[in-house]
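Residue-level structure breakdown
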Amino acid sequence: MADVVQLRLERMVPELEDLEERGIFTRQEIAEIVKRRRKFEYRIQRPSPLKQDYLAYIEYEKQLDALRKLRKKAISRELKADGVEKKRRGRRRSVSDFAGVMRIVRIYSMATIRFKGDIELWFQFLEFCKERKHGRMKKALVEAIRFHPKVPDLWIYAAAWEFDHNLNVEAARAIMQSGLRACPSSEDLWVEYLRMELTYLNKLKTRKVILGEDVGSLIREGNGADEQWKDENKDLFMALEEQKGDKGLDEENGESREKVDLFREQGFGILRAVYRSAVENLPASFSLRKRFFEILEATDLAHSEEMREEILADMKQEFSKDPEYWDWLAKLEINDPGLVLDIGVENVRFQVDKAIQVYEEALKILAAASVVDLYIRFLMHVVEKGDESGILSTSDHTSKYITHLIGVFERAAAMGCLTGNLARQHISLFLQMGRFDEARQLAEKYCEGAFSNAVQLWDLRVSIEMKCMTRTPQSKTDLSSIFELLRKVLTNAAVSDAENLWLMALKFFANEKRYFEKLVELSILSLVRDGGSEDGFSLSSVIVDMVLEKDGINKARDLYKRFASLPHPGFALYKHCIELEKNLAAAGDKEGLKHARKLFESALSTYKEDIGLWQDYFSMETKMGTSETANGVYWRAKKILGGKVALILPSKA
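This structure is a prediction, so every number in the text was calculated from the model and none was measured. (Residues numbered from 1 in each chain as written. Predicted model: local features only at pLDDT ≥ 70, side-chain atom pairs only at ≥ 80, totals over all residues. Heavy atoms only, no water.)

**Regarding the overall build of the protein**
So the rule is basically this: Note on conventions: DSSP H or I runs of at least 4 residues are helices, E runs of at least 2 residues are strands, and numbering of each starts at the N terminus. When a residue's accessible area, from a 1.4 Å probe over protein chains only, is under 20% of the maximum for its type it is buried; when over 50% it is exposed; and in between it is partly exposed. A contact between two residues is defined here by any heavy atoms of the two lying within 4.5 Å.
A tally of regular secondary structure across the protein gives 34 helices and zero strands. Burial analysis of the protein (653 residues in total) assigns 43% to the buried set. Pairs at least 24 residues apart make up 62% of the contacts formed inside the protein by residues separated by at least 6 positions.

**Considering empty space enclosed by the protein**
To keep it simple, the criterion reads: A cavity, in this analysis, means grid points on a 1 Å lattice covering only the protein atoms where a 1.4 Å probe fits yet has no way out; a pocket is instead an open set bounded by protein on both sides within 12 Å along at least five of seven lines, and a residue lines either one if it has an atom within 4 Å of a point. Grid points are joined across faces, edges and corners, and a volume is the space filled by probe spheres set on the points. Polarity classes work like this: nonpolar for Ala, Val, Leu, Ile, Met, Phe, Trp, Tyr, Cys and Pro, charged for Asp, Glu, Lys and Arg, and polar for all others, with Gly in that last group.
A full pass over the atoms with the stated rule returns two cavities of 30 Å³ or more. Empty space within the largest cavity amounts to approximately 60 Å³. The element that contributes the greatest number of residues to the lining of the largest cavity is helix α4 (residues 51-79), accounting for four residues. Residues that form the lining of the largest cavity fall into these classes: three nonpolar, two polar and five charged.

**Overview of the pattern of salt bridges**
Defined as follows: By salt bridge we mean one thing: a side-chain nitrogen of Lys or Arg within 4 Å of a carboxyl oxygen of Asp or Glu.
Within this structure, the stated rule accounts for 43 salt bridges. One salt bridge connects Arg136 with Glu143, and the closest N-O pair in it is separated by 3.7 Å. The exposure class of Arg136 is buried, given its relative accessible area of 19%. When the shortest N-O distance is used, the salt bridge between Glu192 and Arg195 registers 3.8 Å.

**Section: the packing of helix α3 (residues 27-45) against α4**
To keep things clear, this is the line we draw: In this analysis an axis means a line fitted to C-alpha atoms, helices contributing only their contacting stretch, and an angle means the value between N-to-C directions, from 0 to 180 degrees. Here roughly perpendicular refers to angles of 65 to 115 degrees, roughly parallel to angles under 35, roughly antiparallel to angles over 145, and oblique to all remaining angles. Each crossing gets its handedness from the near helix: less than a right angle anticlockwise from the far helix is left-handed, clockwise is right-handed.
Taken N-terminus to C-terminus, the directions of α3 and α4 make an angle of 160°; their axes are 9 Å apart at the nearest point. In terms of axis orientation, α3 runs roughly antiparallel to α4. Crossing angle aside, the handedness with which α3 passes α4 is left-handed. On α4, the residues that touch Glu29, Ile33, Arg36, Arg37, Phe40, Glu41, Arg43 and Ile44 of α3 are Asp53, Tyr54, Ala56, Tyr57, Tyr60, Glu61, Leu64 and Arg71. Residue classes in the contact of α3 with α4 are distributed as eight nonpolar, no polar and eight charged.

**Some points on the confidence of the model for the protein**
Going by this rule: Think of pLDDT as the predictor's per-residue confidence, scored from 0 to 100.
Residues with a pLDDT of 70 or more make up 84% of the protein, whose mean pLDDT is 84. Within the model, pLDDT remains below 50 along residues 84-90, and this stretch shows seven contacts once partners closer than five positions in the same chain are excluded. Contacts for the low-pLDDT stretch residues 232-249, under 50 throughout, to residues beyond four places or in other chains number ten contacts.

**Observations concerning the packing of aromatic side chains**
Threshold: Ring pairs shown here join Phe, Tyr and Trp side chains whose ring centres sit within 6.5 Å, with only the six-membered ring taken for Trp; geometry is labelled stacked below 30 degrees between planes, edge-to-face above 60, and tilted in between. A ring is scored as having a charge over it whenever the NZ atom of a lysine or the CZ atom of an arginine sits within 6 Å of its centre and within 35 degrees of its normal.
Scanning the entire structure with this criterion turns up 24 aromatic pairs. Both rings, one in Tyr446 and one in Phe451, keep their centres 5.6 Å apart while their planes meet at 85°; by these two values the pair is edge-to-face. Grouping residues by exposure puts Tyr446 and Phe451 together as buried. Each residue in the set Phe286, Phe293, Phe319, Tyr325, Trp326 and Trp328 is aromatic and connected to the rest through ring pairs, giving one cluster. The residue whose ring lies beneath Arg146 is Phe147, and the NZ or CZ to ring-centre distance is 4.5 Å. The ring centre of Phe516 lies 4.0 Å from the NZ or CZ of Lys550, which sits over that ring.

**Looking at unusual backbone geometry**
You will see that Leu167, though not glycine, has its phi angle at about 55°, which is positive. Here Leu167 lies in the loop between α9 (152-165) and α10 (169-182). Leu167 sits in the exposed class, given a relative accessible area of 64%. Not every positive phi belongs to a glycine, and His568 is a case in point at roughly 50°. Within the element layout of this structure, His568 appears in the loop between α29 (553-564) and α30 (571-586).

What follows is the structure in structure tokens.
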């Protein structure tokens, strides 16, 4: 290993001598460079080098080469006033100008050989060669594809390099076709192959336009890319217009209308051939057809309407049972989705009505909750964005769609396609329109019927009932009815699922002692039923805090002792109550430390393997207890945790 490193360092001598001779680096700086390079070379020559070793070496060489360039420019500016000969001599390329890039390429080559399966590393190598325009680019592409023939992005990258950089269309086409043979199931390859062919065809047509032999473009009018190209080359179009008279232009346009546009015909032939081959290899891909359709819509080809109908017919035949297809087809009726913001425009309303017809057809073919969900989401978007007030109202433009939306909800319920989430949206729609009584009746209907176990729906129903009570003076009957509703759902729902309901109930009955005590008893039964589990939400901790605030620490202690006596009490309860007692002890409460110790002992009886719990216990005894109690905790922890005690008690390690 040392011999290899020494040999590589010796090969750097001509480069380093050149850097010193030209005054770019001093002898001391060159010595530091050699020292750093020796370290990097040893790192990458060890038996099992890391990827980061190579990347660090590459990054150092990149920064060094960038510094060399800056200093070379500075020296060139200084030599500018010394005469032509010195100026030329200062700018003449020498070994140091390309040695850095060659070294980086060598390191990348070693890294990719070592880590052949790292696609990201290969792309970094390719990007560097492309950026520096290094001749190794072609060889690197061949090696990358040889090791990863099933990675479509490599084929696309290689074809793009040949097409854009080398301007070699034949090579790019050959690479793409080889990639399609290796990866026939890649959507990106098929789409990019079509884009490349149409782009090349458009370039040929553009050349004809510039030469005055043709007019137009394969890009549809209004396309941003076409307009940008015309702006950048407006001098060419101005020259053509100045040379042609109105008469000559009319004659040429007449001839153009009579003859068949070969470019548009060729584009149509290419799109149809690629589309059919792609569909043959990917018959179940909806996104592929959608992307081909988008390309067709963006280009101006011959027989485009015929091709459009063919693609739509294929999609309907293959994906009529796919809700995503129907949603896409409906939104296709709207030329510009942004127009939905102004449904006061007659043309926009016509487009929305066409989209609604598509959704209606979808419901006849595929009566599923997913279709209903997409349909309702579309209508809600139309209604909400179409109403300038921001509140659902019965204005002339929105009342029609609101009525239709309500009808869709009712039909979905009758068809059995309504989910709990859709039922919640149905109720929320009436609330947004201010139809409070109807929302209340609907919530009762759903909760007592098909969605009796939907906790979120009960959450909405209870909140509606509570709002009703706030509008009128509360009575004992009203409080009893609210409590019975809560008891009905909380008795069956898991504590973790009914978090909002529990918080709402505790807050609502916080000042009603009788009902609050009933809720506490209900919470104990629920925790026992769930096996003491309080994943993500500690109901017992919330209740202890509320009792502490209302009735003081003694009542809170009595309550958390009841919770702690349940089978397998939640770990969150112990942590919360321990923190509570520690704070009281720090504030001067003599009983706080004693109760905190009891809580720790109770928690450790269930969670004795928890390292954090032992750490907190030892930390408390160190700060508030005595050395004797702290040592007792430490030795108990060491007995149970073994070697892990060193991780939690570094002071004793």
